[in-house]
Amino acid sequence: MFCRKCGTENEDQAVFCKECGARLVLEPSLESQIKKLVKRIASLPKKYKVGVEIGIAAIVVILIVVANLNSTINLNNYVTVTFEGYDGYGKATATIDWNKILDKYKKKISYTSKAKSKYEYALFGYSMEELLGNCVSVSLEKEDGLSNGDRVKYVWNIDENQLKKYVDCKIKYSDETVDVSGLEKIKTFDPFENLTLTYSGISPNGTVAISYTGDVLDEDEFYCDTDSGLSNGDVITVYLNSDDMEYYVENYKMIPSETEKEYTVEGLDKYASSVKDISKEMIAAMKKQAESVITEYTAKMGSDCTVDSVTFVGDYLENCKNDNYADKQNCYGDVYKIKLHVKPSEDYKAVKMVEYYDVQFYNIVVKGNGECEADLSDYYTPGENFSKDCYYGPEDYDYYTYYFDGFETLDDVKNARVDSVAADYDTDWNMDGGDQAEVSDQGLLCSYSTKRKITEEEIQGYLNKDYSSYHFPGDRSVIQMIINEMYALNGYKFQDEDLKNYYEKQDWYNKIESKTTDMAEIYRNMSKTEQDNIKLLKEYK
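Residues numbered from 1 in each chain as written. Predicted model: local features only at pLDDT ≥ 70, side-chain atom pairs only at ≥ 80, totals over all residues. Heavy atoms only, no water.

Turning next to the environment of Asn205. Examined against the element boundaries, Asn205 turns out to sit in the loop between strand 13 (202–203) and strand 14 (207–212). For Asn205, a relative accessible area of 42% corresponds to the partly exposed category. (Helix = DSSP H or I, 4+ residues; strand = E, 2+ residues; numbered from the N terminus. Buried < 20%, exposed > 50% of the residue type's maximum accessible area, 1.4 Å probe, protein only.)

Looking along the chain, the bond that leaves Ser203 and enters Pro204 is cis, with omega of 10°. Considering the arrangement of structural elements, one finds Pro204 in the loop between strand 13 and strand 14. One non-glycine residue, Lys253, lies in the positive phi region at around 60°. Note on placement: Lys253 falls in the loop between helix 8 (245–252) and strand 17 (254–256). Taking relative accessible area as the criterion, Lys253 reaches 48% and is therefore assigned partly exposed. Positioned with a positive phi, Asn363 is a non-glycine residue whose angle comes to about 55°. As for its placement among the helices and strands, Asn363 is situated in the loop between strand 22 (351–362) and strand 23 (365–366).

Counted according to the given criterion, the structure contains 28 aromatic pairs. Measuring from centroid to centroid gives 6.4 Å for Tyr462 and Tyr467, while their planes differ by 25°, and the two rings are stacked. Take Tyr462 and Tyr467: they sit in the same class, and that class is buried. For the ring pair Tyr470 and Phe472, a centre distance of 5.6 Å and an interplane angle of 45° mean the geometry is tilted. Taken together, the aromatic side chains of Tyr487, Tyr492, Phe494, Tyr502, Tyr503, Trp508 and Tyr509 make up a single cluster linked through ring pairs. Here Arg452 stacks its cationic end above the ring of Tyr448, 3.9 Å away from the centre of that ring. (Phe/Tyr/Trp six-rings, centres within 6.5 Å; stacked < 30°, edge-to-face > 60°. Lys NZ or Arg CZ within 6 Å of the ring centre and 35° of its normal.)

Considering all chains together, one arrives at 14 salt bridges under this definition. Put simply, Asp269 and Lys367 hold a salt bridge, and the shortest N to O gap is 2.8 Å. You can see Asp269 sitting in strand 19 (residues 269–271) and its partner Lys367 sitting in the loop between strand 23 and strand 24 (372–373), a full 98 residues away along the chain. For Asp269, a relative accessible area of 15% corresponds to the buried category. Here the residues in one salt-bridge network are Asp269, Lys367 and Glu373, joined through shared partners. (Salt bridge = Lys/Arg side-chain N within 4 Å of Asp/Glu carboxyl O.)

A word on a negative patch on the surface. Negative charge collects at one region of the surface, where Asp190, Glu193, Asp225, Asp227, Asp243, Asp244, Glu258, Glu260 and Glu262 lie side by side. As for its placement among the helices and strands, Glu258 is situated in the loop between strand 17 and strand 18 (260–264). We classify Glu258 as partly exposed; its relative accessible area is 32%. (Patch = residues over 30% accessible without salt bridge, like charges linked within 9 Å, V, L, I, M, F, W, Y side chains within 5 Å. Areas by Shrake-Rupley, 256 points an atom, 1.4 Å probe, with all protein chains shown as cover. Lys, Arg positive; Asp, Glu negative; His and termini not counted. Charge placed at Lys NZ, Arg CZ, Asp CG, Glu CD.)

Taking strand neighbours across the sheet as the criterion, the 5 strands line up as 25-22-21-20-28 in an open arrangement whose pairing is antiparallel. Edge positions in the sheet fall to strand 25 (379–380) and strand 28 (425–431), since each of these pairs with one other strand and no more. Those strands touched by helix 9 (residues 280–299) are strand 20 (305–320), strand 21 (330–342), strand 22 and strand 25, and its axis lies near 35° from that of strand 21. Where helix 10 (residues 410–417) meets the sheet, it contacts strand 20, strand 21, strand 22 and strand 28, and its direction lies at approximately 160° from that of strand 28. (Pairing = 2+ DSSP bridges. Contact = heavy atoms within 4.5 Å. Axes fitted to C-alpha atoms, helices over the stretch in contact; angles between N-to-C directions.)

Below, the structure is given as structure tokens:
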């Protein structure tokens, strides 16, 4: 027996083709089966016909129902839901096997007579499969992001009006749910394993660069939340450009174990914020340069001036509070005390005096290894100056005015380098007050009388305090004793026995080697600050 569909030879008793599966023996039509039954009933004796006819009627009804069932297409039998991909990221696809439907029901599916007569032009070029596909489709409520064990529902989308308009067939269908299975387990990788962050620049304006040496991702798939304006200790976060795991599944067949990672900034150079940040080698180098600058400065003084000593007093560091002064992030200064005497005339006694002079270096950088950098050739000397009147004769007008760069007192240095810049700079101030010969504050009634101006409020404070236990010589007032103390500090040798005995008991007074009984000379050699203080104190004496 040969197959009418594919021509393959089959055994005589075969019902279906072994090659294409088509039925070899055609089933008789319902009409022919009923005709056969009627013919057989007609040949029966009359006495059997009534009962048989009733039975036959029932059989005919059953045959008609069965025939209708056989001609109704159950779409659920021809839909397939397949799953692919990885557990947690799987995808589902629902398809309808139209070829199988048409093979089985090709004699039971046809164009409607109306379609043939009225819509013949509209049907031109469409196959039955295409026409059915336009009217019948199936979709999934969830197609991706699937895991093994999930349940996915497929839903039929039927345009029944359109279907009846063109196709003569009966269908049935129902939305069903299927279990997800067969998805592979996804592998993970550490995206930051081969990522390197390189920090450069000077804190707080450091920068970071990202480099990736792995073979999974590309360097441009990373970005940093902050890549400039960095300081050591800052915490920055590096992100993957995409946190969509589907992207990595599709492109790399694996997913990253994390999509962001925090890093702590380290190794940046920084500007020294205190003197202790600066290496001993750099401090020594700046001090050497400062002493060279001071030697050059003192060498240019006039012939009337003779330098007696230059003593290192201390150092300081101004540290910028913000970025508004990028040209001066910090400033280190060495402070020196210069003792000298001025002699305007060979016939008149020299005037002893003191000045304070600092040499500054900007932007001291501490490298990551602890070494320091600074441009020692780029230094700054005081722009401030003060004057001193030095007498060459006994008359009040017998004097010359001398001008000196720097400061008259250490308090003046502090006011210029600490107080006046406090809004923008924090200053680490390290002074010992001068060399070893500097008078100690211990035992002084007013330790600042020779250093800065005394205020009226401070004088009032002295007046309000009870000093009776001090037993000042001759019952002198505290204001008179402060004035005497100022003269004593400048080397006055007292003639009054009570005052002489009082001050000779003070250690600081005994350390003053050169003393004089010329009170007028001492007053003339005082700084303007000291002279102003004495004038003010005399108003309260």
